[in-house]
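Architecture at a glance
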Amino acid sequence: MRVRFDHVSVSLGGREVLHDVELEIHPGRFLGLVGPNGSGKSTLLRTLYRAVAPSSGRVLLDERDVWRTDRRTVARTVSVMTQETSTEFDLTVLDVVLLARVPFQRGFGRDTDADLDLAWSALERVGAADVADRPVGRLSGGQRQRVMLARALAADAPVLVLDEPTNHLDIAFQLELMRIATDLDRTIIAALHDLNLAATHCDDIAVLDAGRLVATGTPTEALTPRVVEDVFGVAVDQLTHPRTGRPVLVFDHPPQTRQDPTDRRDEINA
Amino acid sequence: MTVVALGVAILLMVVVSGSVGTVEVGFADAARIVVGHLVPNMPWMSDGSLTVLQDQAVWQFRLPRALLAALAGAGLALAGAIMQVIVRNPLAEPYLLGVSSGAGVGAVLVITLGSAAVGGLPLGVAAFAGALVASACVALTARHRGVLSPTRMILSGVALGSLFSAITSYLTLTTEAQNVFSVLFFLLGSVSAASMGSLVVPAVAFAVACVVVGLRTRAMNALLTGDESATALGVDVNRLRAVLLVTSALLTGSIVSVSGGIGFVGLVIPHVARILVGADHRRMLPVAVLGGAAFLMLADLLSRTVAAPAEVPIGILTAVVGAPFFLWLMRRDTATRAGLDR
């Protein structure tokens, strides 16, 4: 399914947090959304799963306007791995993953075998099947992220939204998560902080800066040292990965605050 | 399993309630009187084996209060579970929105100044009106840009609750001494004045609440994981909160206006249910509802018997019986299931 942000602007509390974002994700592509903290990544995603209404513009799933569609229909089409979960009252891991099926069910009844199958296969896919009957609140941050990913997968929806999915994750599961995502035959849009992780796994990259889209394209096209230096305010060198030949970004302090390594050594000696 | 056990316990307690009291009625006779009134043409109702006094004692006094205890317990447990989801806070209870303090003002106005002071409303209606006015005040002050924020609901509930309690205290202190007993009796809660007629309104409210909540158990589960996450699952969070809030206020108000501010049940029974069967509302709500009913029936039985012929207010017994039980349950390992180890 194709996702298109059609000139989307969002104002929150009188402040414009997104300005005229025009962005299209083709069916089956994996788009990485990058940008500094507060650049509007999460807000853009939230317009897609109906948590924040655009003040102007449209969000389209194929030709259908998300904000003119019944919210259950949208929830069946777009599954989301949200950033935070509350654990005041503990549901078990399996219960939480089964919540993915909420938009497909009605009433008081039990979960169907099909629902359970989807939940279990999602849990196995993220390697969390062994903790299925544990309360979510007792899991480590990383395990909890696995469960949230499993929930997003169990919805079996054509569009997958990942909002900073690699938070709290060790490097091995960061890579595993990106592998799981790239293996899926779904349209994926993910807000990511790690530029190299985005560059190596995403088909396309979109760069947001202060609510405006400043670059889009393949990783090589969008994540040029120039763009990254401008947007993130850091110095960037692009190296070539010795084994894969892919570009790797290496960061340093911006020029005006950068210290020569030899100076620093002098300070330490003194 | 738990549900069946609680159902059996409730039926047994109907019979025991029917037989306990100054007029002597055996367990079998109590059961026969209850069945005889429900099923027409039972032989024992007309063969002279039961006295009129026995029949009256069971059908007109003991059964209504047992049923009111069951209804109030079930309703308060349900309302407590609802409130805990709405504000996503384990300390929430049915009276969080000032329902009991508002009802208190209404009832105490009638007791101290007479019902003419509130436009001729009888005590129950005045209490119900007070409960709804209080809930509406809390909901309105907690609304911000059309959104009900849980934190603001808790804080405005506490603030307005104190205000209403202050009014009640002032009215109580300045009234004649003989009224003070009635005021305390209402504030602590009691099911002793129950009649079959007084059950109707809370019963209807409870039935409606069961349907409203029953259709939304999955959405309530989703809400447990957070507003954002529930929204992503297609739940209209703001609307769900509003619907549940109105349901809880009407249910609690209708119960409080008949039985006064019986405490403890609404706070603790939902937690007991979570410890027993987990937090999923599809499993937890039936246990909470039946458990609340059984618990308050038991408390009522004790309130009639421990100091007989005098009566201990049921609100005191719920805490005296319930607190140690709950603390024991909380310290067991299974309590970690309900998130009580943090």
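Residues numbered from 1 in each chain as written. Chains lettered and ligands numbered in written order. Predicted model: local features only at pLDDT ≥ 70, side-chain atom pairs only at ≥ 80, totals over all residues. Heavy atoms only, no water.

**What about the overall build of chain B?**
The number of helices and strands found in chain B is 14 helices and 2 strands. Scaling as 2.2 N^0.38, a compact globule of 342 residues should have a C-alpha radius of gyration of about 20 Å, and chain B matches this with 21 Å. When the backbone C-alpha atoms are referred to their principal axes, chain B occupies close to 65 × 50 × 35 Å. In chain B, which comprises 342 residues, the share counted as buried stands at 53%. For chain B, contacts bridging at least 24 residues in sequence account for 73% of all contacts bridging at least 6. Here chain B displays about 14300 Å² of accessible surface, and carbon together with sulfur accounts for 70% of that area. On chain B, the mean spot of the 19 positive side-chain charges and the mean spot of the 14 negative ones are 12 Å from each other. (Helix = DSSP H or I, 4+ residues; strand = E, 2+ residues; numbered from the N terminus. Rg over C-alpha atoms; globule rule 2.2 N^0.38 Å. Buried < 20%, exposed > 50% of the residue type's maximum accessible area, 1.4 Å probe, protein only. Contact = heavy atoms within 4.5 Å. Areas by Shrake-Rupley, 256 points an atom, 1.4 Å probe, with all protein chains shown as cover. Lys, Arg positive; Asp, Glu negative; His and termini not counted. Charge placed at Lys NZ, Arg CZ, Asp CG, Glu CD.)

**Concerning the sheet that holds strand β10 (residues 212-217) of chain A**
Sheet strands associate in pairs through backbone hydrogen bonding, adopting either a parallel or an antiparallel arrangement. Residues and elements named next belong to chain A. Across the sheet, which stays open at both edges, the 6 strands sit in the order β6-β7-β8-β3-β9-β10 with mixed pairing between neighbours. What marks the edges here is a single partner per strand, and that holds for β6 (78-81) and β10. In this sheet, adjacent strand axes meet at a mean angle of 15° when their direction is disregarded. Across the sheet, helix α5 (residues 141-154) is in contact with β6 and β7 (159-163); its angle to β6 comes to roughly 180°. With respect to the sheet, helix α6 (residues 171-183) is in contact with β3 (30-34), β6, β7 and β8 (187-191), its orientation differing from that of β3 by roughly 135°. (Pairing = 2+ DSSP bridges. Axes fitted to C-alpha atoms, helices over the stretch in contact; angles between N-to-C directions.)

**Re the nonpolar core**
Formed by 148 residues in total, the largest nonpolar core has its most connected members in Leu149(A), Val207(A), Leu223(A) and Leu78(B). If we skip the residues at most four places from it in the chain, Leu223(A) touches Val34(A), Leu195(A), Ala199(A), Ile205(A), Val207(A), Val228(A), Gln238(A) and Leu249(A). Judged by nonpolar contacts, the second largest core, of 29 residues, contains Val80(A), Val159(A), Val161(A) and Ala206(A). (Core = buried A, V, L, I, M, F, W, Y, C linked by side-chain atoms within 4.5 Å.)

**Focus on the confidence of the model for chain B**
Residue and element names in this part refer to chain B. On average, residues of chain B score 87 in pLDDT, and 97% of them are at 70 or above. Across chain B, the element-wise mean pLDDT spans from 82 in strand β2 (residues 147-148) up to 95 in helix α8 (residues 200-214). Predicted complex, confidence summary: ipTM 0.87, pTM 0.89. (pLDDT = per-residue confidence, 0-100.)

**Considerations on the pairing of strand β9 (residues 204-209) of chain A**
Residues and elements named next belong to chain A. With 5 of its 6 residues buried, β9 lies for the most part within the structure. Of the pairings in the sheet, the one linking β3 to β9 comprises 4 bridges and is parallel in character. Bridged to valine 34 within β9 is valine 207. Of the strand pairs in this sheet, β9 and β10 are connected by 5 bridges, and their pairing is antiparallel. Bridging across to β10, aspartate 209 finds its partner in arginine 212. In textbook terms, the turn of a hairpin is the stretch between consecutive antiparallel strands, and for β9 and β10 this stretch comprises 2 residues, one of which, alanine 210, has a positive phi near 50°.

**Overview of unusual backbone geometry**
Residue and element names in this part refer to chain B. Its identity as a non-glycine residue notwithstanding, asparagine 41 has a phi of 60°, on the positive side. Assignment of secondary structure puts asparagine 41 in the loop between α2 (27-38) and α3 (52-86). Residue classification places asparagine 41 among the exposed positions, given a relative accessible area of 78%. In this structure, phenylalanine 264 is a non-glycine residue whose phi angle is positive, near 80°. Locating phenylalanine 264 in the fold gives a position in the loop between α11 (237-259) and α12 (265-277).

**Description of the packing of aromatic side chains**
Considering all chains together, one arrives at 3 aromatic pairs over all chains under this definition. An angle of 35° between the planes, with centres 6.2 Å apart, marks the rings of Phe325(B) and Trp328(B) as tilted. Here Trp328(B) and Phe325(B) lie together in helix α14 (residues 314-331), a separation of 3 residues that amounts to about one turn. Of the residues examined, Phe325(B) reaches a relative accessible area of 43% and is grouped as partly exposed. Directly above the ring of Phe104(A) sits Arg101(A), whose terminal nitrogen or CZ lies 4.1 Å from the centroid. Directly above the ring of Phe173(A) sits Arg146(A), whose terminal nitrogen or CZ lies 3.8 Å from the centroid. (Phe/Tyr/Trp six-rings, centres within 6.5 Å; stacked < 30°, edge-to-face > 60°. Lys NZ or Arg CZ within 6 Å of the ring centre and 35° of its normal.)

**Examining the interface of chain A and chain B**
Chain A puts 35 residues into the contact, and the matching count from chain B is 34 residues. For the pairing of chain A and chain B, the buried interface totals around 2900 Å² over both sides, and the portion due to carbon and sulfur atoms is 55%. Between chain A and chain B we count 5 salt bridges in total. Glu228(B) is the partner of Arg46(A) in a salt bridge, and the nearest nitrogen-oxygen pair spans 2.6 Å. Secondary-structure elements contributing two or more residues to the side of chain A that touches chain B are α2 (71-77), β6 and α3 (93-98) of chain A. (Buried area = accessible area lost by both parts, 1.4 Å probe. Salt bridge = Lys/Arg side-chain N within 4 Å of Asp/Glu carboxyl O.)

**Notes on the sheet that holds strand β1 (residues 3-12) of chain A**
All names here are of chain A. Across the sheet, which stays open at both edges, the 4 strands sit in the order β2-β1-β4-β5 with antiparallel pairing between neighbours. Whereas interior strands pair on both sides, the edge strands pair on one side only; in this sheet they are β2 (15-25) and β5 (64-65). The pairing of β1 with strand β4 (residues 56-61) spans 5 bridges and is classified as antiparallel. Directly across from valine 3, in β4, lies its bridge partner leucine 61. Where helix α1 (residues 41-48) meets the sheet, it contacts β1, β2 and β4, and its direction lies at approximately 115° from that of β1.

**A look at the environment of Val213(B)**
All names here are of chain B. Structurally, valine 213 is set in helix α8. With 175 residues separating them in the primary sequence, valine 213 and leucine 38 have C-alpha atoms 29 Å apart. With residues near it in sequence (within four places) discarded, valine 213 still touches Leu78, Ile82, Met220, Leu244 and Leu285.

**Details of the side chain of Thr231(B)**
With respect to the secondary-structure elements, Thr231(B) resides in helix α10 (residues 227-232). Note on Thr231(B): relative accessible area 14%, which makes it buried.

**A few points about the packing of helix α9 (residues 217-224) of chain B against helix α13 (residues 281-305) of chain B**
All names here are of chain B. Running from N to C, α9 and α13 cross one another at 105°; their axes reach a closest spacing of 9 Å. Taken together, α9 and α13 sit at an angle that is classed as roughly perpendicular. For the pair α9 and α13, the contacting residues are Thr217, Arg218, Met220, Asn221 and Leu224 in the first and His281, Arg282 and Leu285 in the second. Residues belonging to the contact of α9 with α13 are distributed by class as follows: 3 nonpolar, 3 polar and 2 charged. (Parallel < 35°, antiparallel > 145°, perpendicular 65-115°, else oblique. Nonpolar A, V, L, I, M, F, W, Y, C, P; charged D, E, K, R; others polar.)

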